[in-house]
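Architecture and fold: a report
Listed here are the chains, written in short residue letters.
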Amino acid sequence: MTAGPMTLPDKDAAVTVAAVRSFLGKHRRRSWVDWYVVGFALLIVGIYGANFLASPLSRLSKSASHAAATHAAATQAVAGAGLVIGVGAGLLLLAQALGPLALPPADASWLLLTPLARRAVLRRAALTVAVLATLAGALLGVLGLAMAGPYLRLSGSGLPGSWLFLSAVAGAGCCLAAVAAEAIAQPYDRPRAVVRAVGLAIAVVAVAGGVVGERWSAVTRAVTAVFGRLSTPVFDTTALVALAVAAIAWLLLWRRLASFPAGVLRADSARSGRALLAAQYFNFSLLFWIAEDNHWRGRLLRSRPWPKLPPALALAWADWRRVARRPWPLVMLAVASVVPALLGIAITGRGRLDLIAVALIAGAVAVGSQGTTTTKRDQDDPALLRLLGVDAGRALVPRAVLPSLLSGCWLALSLTVLCAAGALSGWLWPLLGLIAGPGVAAGVLRLARTARINPADRGPDTPMGNTPPWLVSRMLSVLVAAIGAGPLFGALLKGTAHASTVIGQCAASVIVLWVYLMIARAISR
């Protein structure tokens, strides 16, 4: 759809759009309960966020002499700086995936196609994106200053307040400029691909540098030396340049809004709306299908004969073919294997094994889910299973091979990086990760075979409120994956691994996967 905007004057169009939004607001009033829930949620997020950021922000009160005497402060500075840059690049990539300019479903299906000026319709969406980018950039700028805090050459009065303000301004300006550039490139495929490639390259280099800095002292000394040369003129110049670039980018975007293509806005708004709805209900399988549909839409595949394999193996073979055709998600997840090595030390200055364990289980489940495409499809529509005369429980046996390998290889790679970075001692960890793959695959298969989410379903009442069944089912799937890798995570929390741990992990993987497959076969009969 390529509907163009009307050529009404901006002033009259703004008044018209304001009248429309005023009319909608009168018929869309929120009760005090809605505002109470939103306020309470923001309060809880603020409390936990402040507690989470207390440790890195405390670096601003440490002196340079104290930091130079501790190796932990230096490694935290390098790892934290790499993680801050990587998180910033990841947020920009997420913004590009969601638009970044996107309208609510009602505006995209109605206001966008009415005879109203395009700029007036998009003004609220652009303002929302600008506010979110400003807040995220300011927070990342302050965190970046916190990583450099112990190495800043301060006067006797401590950290100047202007440095904190200028860091927030510089971070906000950089983030605003990047988001505006993404919005300008939004209607064009090639510029979007260039922006995506640049964001990925920055994230990879930053995270890789953070991991390397934990092992090589030369990198640590170089980064901390740069931190030590920071001064007030440097902060002033950086903030002014960031603001100037952001102002130019948003002026260009403001001119572009008047003729922004409606077809692009409708497509991106629909995709971002589905993605936000799926995230709201933890319906990650819907996000998976959205990505699959976007990839295969408009593509033609050559017809090939059905493989000369038993029916159950042929069904599993489709997952292997899908992974071979789409290797980039696995490449991105493989790059994410360095995140557990950075997560603990960047936040607290020492290896937080509990945070590492959470990152490992989340990554293993995400990677294993890349090998359960046909399992999800047959759960929604079992027509192919019936056509081939294959029992659903029996088909799970060959289908468990690929997620087992994917989860095991990712765990082995992540644990190898942890050992190389010095967070773990001994080289039994990669073997433990590889063996834990089948145990995690049991939870991955259960997650893939979970029924669709129905927000209307009500579950048992708890002190925290009503618990929906779809949430309980998905939490149980993650719990099954954690039990399957229980010996690995138990050894990780203790910080030591022995030969007995390898034997225990072998037994846990085999037992958990075998019990799940037996239960699945019994239920499917």
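All of the points below concern the structure found in this document. (Residues numbered from 1 in each chain as written. Predicted model: local features only at pLDDT ≥ 70, side-chain atom pairs only at ≥ 80, totals over all residues. Heavy atoms only, no water.)

1. Focus on the overall build of the chain
Broken down by element type, the chain carries 25 helices and 2 strands. Among the 525 residues that make up the chain, the fraction classed as buried is 43%. Restricting the contact set of the chain to residue pairs at least 6 apart, pairs at least 24 apart contribute 82%. Here the chain displays about 27,300 Å² of accessible surface, and carbon together with sulfur accounts for 70% of that area. (Helix = DSSP H or I, 4+ residues; strand = E, 2+ residues; numbered from the N terminus. Buried < 20%, exposed > 50% of the residue type's maximum accessible area, 1.4 Å probe, protein only. Contact = heavy atoms within 4.5 Å. Areas by Shrake-Rupley, 256 points an atom, 1.4 Å probe, with all protein chains shown as cover.)

2. Side note on the layout of surface pockets
Of the pockets and cavities examined, the second largest pocket occupies roughly 930 Å³. Along its surface, the second largest pocket is lined by 32 residues, and Val84, Ile85, Leu140, Gly171 and Cys174 are the ones closest to its centre. Those elements that place two or more of their residues in the lining of the second largest pocket are α4 (71-98), α6 (118-148), α7 (161-185), α8 (189-213), α9 (217-228) and α10 (232-257). The biggest single contributor to the lining of the second largest pocket is α7, with 9 residues. (1 Å grid on protein atoms, 1.4 Å probe; cavity = no way out; pocket = protein on both sides within 12 Å on 5 of 7 lines; lining within 4 Å. Points joined across faces, edges and corners; volume = space filled by probe spheres on them.)

3. Details of the packing of helix α13 (residues 311-325) against helix α20 (residues 401-421)
The description of two packed helices rests on the angle between their axes and on the distance between the axes. At a minimum axis distance of 9 Å, the contact between α13 and α20 shows a crossing angle of 40°. Viewed along their axes, α13 and α20 adopt a mutual orientation that is oblique. Two secondary-structure elements touch here, α13 through Asp319, Trp320 and Val323 and α20 through Val401, Leu402 and Leu405. (Axes fitted to C-alpha atoms, helices over the stretch in contact; angles between N-to-C directions. Parallel < 35°, antiparallel > 145°, perpendicular 65-115°, else oblique.)

4. Side note on unusual backbone geometry
Along the chain, glycine 99 connects to proline 100 via a cis peptide bond; the corresponding omega equals 5°. Residue position: proline 100 is located in the loop between α4 and α5 (105-109).

5. Quick notes on a nonpolar patch on the surface
Where nonpolar side chains cluster on the molecular surface, the patch consists of Val33, Tyr36, Val37, Phe40, Leu43, Ile44, Ile47 and Tyr48 and spans about 800 Å² of accessible area. With respect to the helices and strands, isoleucine 47 occurs in helix α2 (residues 32-57). (Patch = residues over 30% accessible without salt bridge, like charges linked within 9 Å, V, L, I, M, F, W, Y side chains within 5 Å. Salt bridge = Lys/Arg side-chain N within 4 Å of Asp/Glu carboxyl O.)

6. Here we look at the nonpolar core
In this structure, Leu360, Leu411, Leu424, Trp429, Val440 and Leu492 are the most contacted members of the largest nonpolar core, which totals 38 residues. Setting aside chain neighbours within four positions, we find leucine 492 in contact with Leu353, Ile356, Ala357, Leu360, Leu424 and Trp429. Ranked by size, the runner-up nonpolar core spans 28 residues in total, among them Leu101, Ala125, Val129 and Ala246. (Core = buried A, V, L, I, M, F, W, Y, C linked by side-chain atoms within 4.5 Å.)

7. Section: the side chain of arginine 322
Here arginine 322 shows up in helix α13. At a separation of 2.9 Å, a polar atom in the side chain of arginine 322 contacts the side chain of glutamine 370. Setting aside residues up to four positions removed in sequence, arginine 322 forms contacts with Phe288, Glu292, Gln370 and Thr373. (Polar contact = N/O pair within 3.5 Å; in protein donor to acceptor, adjacent residues only side chain to side chain.)

8. Notes on the packing of aromatic side chains
All chains considered together, the criterion is met by 1 aromatic pair. Between the NZ or CZ atom of arginine 256 and the centre of the ring of phenylalanine 260, over which it lies, the distance is 5.7 Å. (Phe/Tyr/Trp six-rings, centres within 6.5 Å; stacked < 30°, edge-to-face > 60°. Lys NZ or Arg CZ within 6 Å of the ring centre and 35° of its normal.)

9. Quick word on the packing of helix α16 (residues 353-368) against helix α24 (residues 486-494)
Two elements in contact, α16 and α24, have axes separated by 9 Å at closest approach and are oriented at 155°. With respect to each other, α16 and α24 are oriented roughly antiparallel. By crossing handedness, the relation of α16 to α24 is classed as right-handed. Of the residues in α24, those touching α16 at Leu353, Asp354, Ile356, Ala357, Leu360 and Ile361 are Phe489, Leu492 and Leu493. (Left-handed = near helix turned anticlockwise from the far one by under 90°.)

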